[in-house]
Structures are given as structure tokens and as C-alpha cells.
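Inside the fold
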Amino acid sequence: MYALLACLRPRYSLPSISLPMNAALEQLVTLQAIDLELKRLRDQLAEAPKRVATAEAAKKQAEASLAATQASLAKEDALRRRHESDIADHRNKIARLKRQLDAATSTQQVAAYEREIAFGNDSIGKLEEEELYSMERTETLDAELVSHTKTLEAAQAALERARANSATLVERNKPAIMALDAERTKVRADLAASDASAAPLATYDRVSKGKGTGISEAIDHKCSACQMMVRPQRWNDLTGREHANDLYTCETCGRLLFWDPRRDTPGPWPPGERLAQTKAATTQ
Ligand SMILES: [Zn+2]
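In this text the structure is predicted, and so the values were computed from the model without any measurement.

Moving on to the overall build of the protein chain. Secondary structure summary: the protein chain contains six helices and four strands in total. When the elements of the protein chain are put in sequence order from the N terminus, they spell out α-α-α-α-β-β-α-β-β-α. For the protein chain, with 284 residues in total, the buried portion stands at 33%. The long-range fraction of contacts in the protein chain, counting pairs at least 24 apart against all pairs at least 6 apart in sequence, stands at 72%. Surface accessibility of the protein chain: about 17500 Å² in total, with carbon and sulfur atoms responsible for 54%.

Attention shifts here to the coordination of the zinc ion. The coordination sphere of the zinc ion contains the protein donors Cys 223 (SG), Cys 226 (SG), Cys 250 (SG) and Cys 253 (SG), at a distance range of 2.3 Å. If you look at the zinc ion, its four donor atoms make angles of 103 to 118 degrees with each other, and the shape they trace is tetrahedral. In the primary structure, the donors to the zinc ion are separated according to the pattern C-x2-C-x23-C-x2-C. Of the two residues, Cys 226 sits in the loop between strand E2 (222-223) and helix H5 (232-239) while Cys 250 sits in the loop between strand E3 (248-249) and strand E4 (256-258), which places them 24 residues apart along the sequence.

A separate point is the pairing of strand E1 (residues 215-219). Extensive coverage of E1 is indicated by the burial of four of its five residues. As paired elements, E1 and E4 share three bridges and run parallel to each other. Each bridged residue has a counterpart across the sheet, and for Ile 215 the counterpart in E4 is Leu 256. Direction of pairing for E1 relative to E2: antiparallel, over a ladder of two bridges. Considered in E2, the bridge of Ile 219 is made with Lys 222. The antiparallel pairing of E1 with E2 creates a hairpin that spans two residues between the two strands, and Asp 220 there sits at a positive phi of about 50 degrees.

Now for the pattern of salt bridges. Within this structure, the stated rule accounts for 13 salt bridges. With a closest N to O distance of 2.9 Å, Glu 56 and Arg 163 form a salt bridge. Residue Glu 56 is found in helix H2 (residues 23-102), and its partner Arg 163 is found in helix H3 (residues 107-193); the two are separated by 107 residues along the sequence. Taking relative accessible area as the criterion, Glu 56 reaches 33% and is therefore assigned partly exposed. A salt bridge links Glu 128 to Arg 91; its shortest N-O distance comes to 3.2 Å. Of this pair, Glu 128 sits in helix H3 while Arg 91 sits in helix H2, placing them 37 residues apart in sequence.

Further remarks concern unusual backbone geometry. Non-glycine residue His 221 carries a positive phi angle of around 65 degrees. Locating His 221 in the fold gives a position in the loop between E1 and E2. The phi torsion at Gln 227 lies on the positive side, around 70 degrees, for a residue other than glycine. Structurally, Gln 227 can be placed in the loop between E2 and H5.

The subject of this paragraph is the packing of H2 against helix H4 (residues 195-211). For any two helices packed against each other, one specifies the inter-axial angle together with the distance between the axes. Between H2 and H4, the shortest axis-to-axis distance is 10 Å and the interhelical angle comes to 35 degrees. You can see that H2 and H4 cross each other, and the crossing is right-handed. Between H2 and H4, the residues in contact are Ala 24, Leu 28, Leu 31, Gln 32 and Asp 35 and Ser 197, Pro 200, Leu 201 and Tyr 204, respectively. Within the contact of H2 with H4, the residues separate by chemical class into six nonpolar, two polar and one charged.

It is at 5 Å that the axes of H3 and H4 come closest, and there the two elements cross at 125 degrees. Judged on the interaxial angle alone, H4 and H3 are oblique. Together, Arg 188, Asp 190, Leu 191, Ala 192 and Ala 193 of H3 and Asp 195, Ser 197, Ala 198, Leu 201 and Asp 205 of H4 make up the contact between the two elements. Taken together, the residues that form the contact of H3 with H4 break down as five nonpolar, one polar and four charged.

What follows is about the nonpolar core. Ranked by size, the top nonpolar core spans 20 residues in total, and within it Leu 28, Leu 31, Leu 191, Leu 201, Tyr 204, Ile 215 and Leu 256 carry the most contacts. Secondary structure elements with two or more residues in this core: H2, H3, H4 and E4. When residues in this core are grouped by element, the largest group, 10 residues, is from H2. Residue contacts for Leu 191: discarding those within four places in its chain leaves Ala 24, Gln 27, Leu 28, Leu 31, Ser 197, Ala 198 and Leu 201.

Take the environment of Glu 183 next. Position of Glu 183 among the secondary structure elements: in helix H3. Residue classification places Glu 183 among the partly exposed residues on the basis of a relative accessible area of 27%.

A word on the sheet that holds E2. Strand order across the open sheet formed by four strands is E2-E1-E4-E3, with mixed pairing between neighbours. Strands with a single pairing partner mark the edges of an open sheet, and in this sheet they are E2 and E3.

Cut-offs applied
- Residues numbered from 1 in each chain as written.
- Predicted model: local features only at pLDDT ≥ 70, side-chain atom pairs only at ≥ 80, totals over all residues.
- Heavy atoms only, no water.
- Helix = DSSP H or I, 4+ residues; strand = E, 2+ residues; numbered from the N terminus.
- Buried < 20%, exposed > 50% of the residue type's maximum accessible area, 1.4 Å probe, protein only.
- Contact = heavy atoms within 4.5 Å.
- Areas by Shrake-Rupley, 256 points an atom, 1.4 Å probe, with all protein chains shown as cover.
- Donors = N, O, S within 2.8 Å, 3.2 Å for Na, K, Ca; no water.
- Tetrahedral: all angles 85-135°; square planar, octahedral: opposite > 155°, others 65-115°.
- Pairing = 2+ DSSP bridges.
- Salt bridge = Lys/Arg side-chain N within 4 Å of Asp/Glu carboxyl O.
- Axes fitted to C-alpha atoms, helices over the stretch in contact; angles between N-to-C directions.
- Left-handed = near helix turned anticlockwise from the far one by under 90°.
- Nonpolar A, V, L, I, M, F, W, Y, C, P; charged D, E, K, R; others polar.
- Parallel < 35°, antiparallel > 145°, perpendicular 65-115°, else oblique.
- Core = buried A, V, L, I, M, F, W, Y, C linked by side-chain atoms within 4.5 Å.

Spelled out as C-alpha cells, the structure:
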């Protein structure tokens, strides 16, 4: 059990020293570590497709922005081609009018051709000005195109990463969940088998259903889950050896309380024993 506990998160690494801890509590600590790890692994599995969906949406958005810029560029190109063609028409017309002007026989005709030629030149000037504005807009759009292309490339890479991460998570978490589920079934069966531990298991289930956890370590006169003080009498009962088989709940949050005596007695261990503990813990 201790080896299992050591590899779980949150970690309760209990080295094998004799604890005046109720056996049911000890199993519930294990059960909670398993339940929390199962939740973490399942949450990761549930989160992965959401990340992929977010990355897909970001890629679609980037594609849409790029397409919009490309469409605007095409529109500007078409506009300039139209202007070029209009300018060519005007120039042809002016050339024709100039020939007609040379052949004109009356001052009235001359005035009429000159007006038309002036009108043609005016129109060419306006179209050339429009072309310049279009060139300026195209310059801005070209810069946008570069930026949108980079954004799309990054979004594509992010999507591929999200998909790969999702696949890795499924590959890693599914067997881990199956193994922990089996362990959980075993621990629960052990707890349910005895009258002494079936009741605390029921308390654990009831409280953890509402609060996420059902058992909490009492540290320094406080419940470490809700941070509320444990009354002095209850603290004495909880930490006293004569009450090792009694179960206490936090009066504020209702979680079962357990107390790890090593927290309050780190001093008296002989140095040799302490070194052995450390070695055992690091070679596990
Ligand atoms: Zn509490």
C-alpha cells in the first residue's frame, strides 16, 4: 500500500513505521489518493478534446482572416485592371479626337473636340489617382497577408501539438485509470468487508461526493482541508494513542480526520534510522 501511495498524487508517502493510525483511516487515505488521481487523469482526458477543439477553432479563424485578405487583394487587382482598361479607352478616344481636331474646319468643332479631350484627360487623372490609392491599400493588405500566413502556420502547428498531446494522454491515462480502478475496487471491497470500516467508508463517500474529498489530515490543530481549528479536546483524542481505534470528523466540514504522528515528532529518530528511511524512500 505504501508503495502505491508514494506514486500517487497528492502524495502521502508513509514509510513503514508503526503508526497508531486506525486501519480503516489508513485505507481511506489510500482510497482518497486513488480517487483524486483518478479524477486528475479523467479530467485530463476530458480536457484534451476541448483543447483540440479550441485549436481547431483558432485555425479556422486564421484561415478565414487569410482568405478575407486574399479576397481583398484580388478585388484591388481587379479594380486596377479595370482602371487600366478605362485609361486605355480614354487614351484611344483622345488620339482619335486629336486626329479629328486636326481635321476640324470650324472654331465650334475645335472647341467641342478640345472640351472632349480635356474631359478625357481629367478622367485619366482621376483613374490614375484611384490606382495610387489602390496600390496603397494593396501594400497594407500585403503586410496583412504575411501576418495572417504566419498566424495560420502557428495555428496549424498548435493544432498538431494539441492532437498529439491528446493521443498521448489517451494512450497514457487509459491504462493508468484501469489499473487504479482495479486498485480502488479492491480497497473499497476491503473496507466494506468489516463492520468497523464500512461506516467510515459511508461517511467518506457522503462527504467526498459533496466536497471532492472525504478525509483530511489534521495538522497543527487544524483541519488541513477547511483550515478550521480542531477543538483542543478533539485534538487530544485524535492524537492520543488510547483513541487509536476511534474515528473523528472535522466539526466544520464533516471530513474524517487523520493524524500522522511523524509530523509532530521528527526529532527523536536516531540519525542512522533517518538515513535508512531516506535511502528506502529514494530507492523506491
Ligand atoms: Zn474541516
